[in-house]
Structures are given as structure tokens and as C-alpha cells.
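This is what each chain is made of:
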Amino acid sequence: MKYLISIALIAASAGALAQSSVEIKDPWVRATVAQQKATGAFMQLTAKADSKLVEIKSPVAGVAEIHEMAMDNNVMKMRQVPGLALPAGQPVELKPGGYHVMLQDLKAQVKEGDVVPVTLVFEGKDGKRETVEVKAPVKPIAAMQGMAGKPAPAAGHKH
Ligand SMILES: [Cu+2]
């Protein structure tokens, strides 16, 4: 038993050491309908020191790009940006209607309940690159209207 506990502790501290210099919170990918070829991935990034998100990869998509949404002549348009600046200590939101990761050339439908691996490449001020993989759960399109969702089935309802 003691042996098991120490293994668990080692695993936990190794996990902490492996933590990236950018904190990634609440990653998610928007579910698609059949035949849809593109979707968005969203998350909140907080860098410990000034850095940049420079590259995105995901096995579900042939092409992954960093996009921004911006008003252009009163029309909301999105365009690719070469990188996303992450100022130290400042949370940067990737969310519907703003910056997002565009997953294009999807190889299959992305369904609610799936978990999509997304690889993020960050570049520090010194030019050093760091690769971090996150597992982004797939949420239905309605999730963009808020995080409320359906209440969990009444767990206390026992017979
Ligand atoms: Cu886009």
C-alpha cells in the first residue's frame, strides 16, 4: 500500500513539473453536423511570461489555423492571424465571436461527447518553442450561448 501511495505522489509531482509555461483553461470544440468541414476550438490561455501562440495541430483536422473575428464594413469576418500574443499574466480568451482555433478539412464529424486532442505550440520571447497537448471535450453548438447547459439528472432521486 505504501508503495502505491509513493508511486501516486511521484506521478503527481511529475505532472506538476511537466506543466507548461502557459495555463490552458476550459478547452472545448464545437460539435459539427454531418458533412460540416470546419469547426472552432476555444479555450482561455494565460502565459506566465510574454509569449505567443504560433501553431496549432489536431489529428481530427487537415488544417488548423488561428483566426480572429473582426468587423469589416459592418460585416463580421474572420481571418487567419500568424500568431496570438499572450502577455504575461493576462488571460486571453479564445471564444465564439473572437479569437479561435479553426479546425478545417475535418476528417470526420465531431460529435458531442468526443474528446479532441489539440496541440498548441507556444513561442517565448527568447524564441524557444514549447508544445502542449490538451484534450478538448466536444460541446454542442448551443454551448456558445453560455455554459448553463442542462442540469444534471437528479442524483438524489433514489427509490
Ligand atoms: Cu475561423
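Computed from a predicted structure; not experimentally measured.

Across its full length, the protein holds one helix and 10 strands. Listing each helix as α and each strand as β along the protein from the N terminus yields α-β-β-β-β-β-β-β-β-β-β. Residue burial in the protein is summarised as follows: out of 159 residues, 23% are buried. Taking all contacts inside the protein whose residues are at least 6 apart in sequence as the whole, residues at least 24 apart take part in 70%.

Bridging between strand 4 (residues 61–72) and strand 8 (residues 100–106) involves six bridges; their strand directions are antiparallel. By the bridge assignment, alanine 61 is partnered in strand 8 with leucine 106. As defined by bridge partners, strand 4 adjoins strand 5 (residues 75–80) across six bridges and the pair is classed as antiparallel. The residue bridging glutamate 68 from the neighbouring strand is arginine 79, located in strand 5.

It is worth spelling out unusual backbone geometry at this point. In this model, glutamine 35 sits at a positive phi of 75°, which is unusual for a non-glycine residue. Judged by C-beta crowding, with 7 C-beta atoms within 10 Å, glutamine 35 ranks as exposed. With phi around 55°, asparagine 73 is a residue other than glycine that occupies positive phi space.

All right, on to the nonpolar core then. Counting residues in each nonpolar core, the largest one holds 26 residues, and the members touching the most others are Val29, Ala41, Leu45, Leu53, Val101, Leu103 and Val116. Of all the elements in the fold, those that place two or more residues in this core are strand 1 (22–30), strand 2 (38–47), strand 4, strand 6 (84–86), strand 8, strand 9 (115–124) and strand 10 (129–139). In terms of residue count, the dominant contributor to this core is strand 2 (five residues). Residues in contact with leucine 45, not counting those within four places in the same chain, are Val22, Ile24, Leu53, Leu86, Val92 and Leu94.

What follows covers the pairing of strand 5. The two faces of the sheet receive side chains in turn, since in a regular strand these alternate between them. Burial within strand 5 is sparse, with just zero of its six residues counted as buried. Where strand 4 folds back onto strand 5 in an antiparallel hairpin, the turn is made up of two residues, including asparagine 73, whose phi is positive at roughly 55°.

Within the secondary structure, serine 58 is located in the loop between strand 3 (51–57) and strand 4. Once the C-alpha coordinates of serine 58 and valine 116 are considered, the two residues, 58 residues apart in sequence, prove to be 7.6 Å apart. Those residues within four positions of serine 58 in sequence are excluded, and the remaining contacts are Ala64, Leu103, Val116, Pro117, Val118 and Thr119.

Another aspect to go through is the confidence of the model for the protein. When pLDDT drops low, the exact placement of atoms in the prediction is not to be read closely. When pLDDT is averaged across the protein, the result is 84; 77% of the residues are at 70 or more. Note that pLDDT drops below 50 for residues 13–18; the model gives that stretch zero contacts with residues more than four away or on any other chain. Across residues 143–158, confidence stays below pLDDT 50; counting only partners more than four residues off in sequence or on other chains, it has three contacts.

Tracing the chain through its elements places proline 91 in the loop between strand 6 and strand 7 (92–94). Expressed as a C-alpha distance, the spacing of proline 91 and isoleucine 24, which sit 67 residues apart in the sequence, is 9.4 Å. Excluding residues that lie within four positions of it along the chain, proline 91 makes contacts with Gln44 and Thr46.

Cut-offs and rules
Residues numbered from 1 in each chain as written. Predicted model: local features only at pLDDT ≥ 70, side-chain atom pairs only at ≥ 80, totals over all residues. Helix = DSSP H or I, 4+ residues; strand = E, 2+ residues; numbered from the N terminus. Buried ≥ 20, exposed ≤ 12 C-beta atoms within 10 Å, placed from the backbone. Contact = placed C-beta atoms within 7 Å. Pairing = 2+ DSSP bridges. Core = buried A, V, L, I, M, F, W, Y, C linked by C-beta atoms within 7 Å. pLDDT = per-residue confidence, 0-100.

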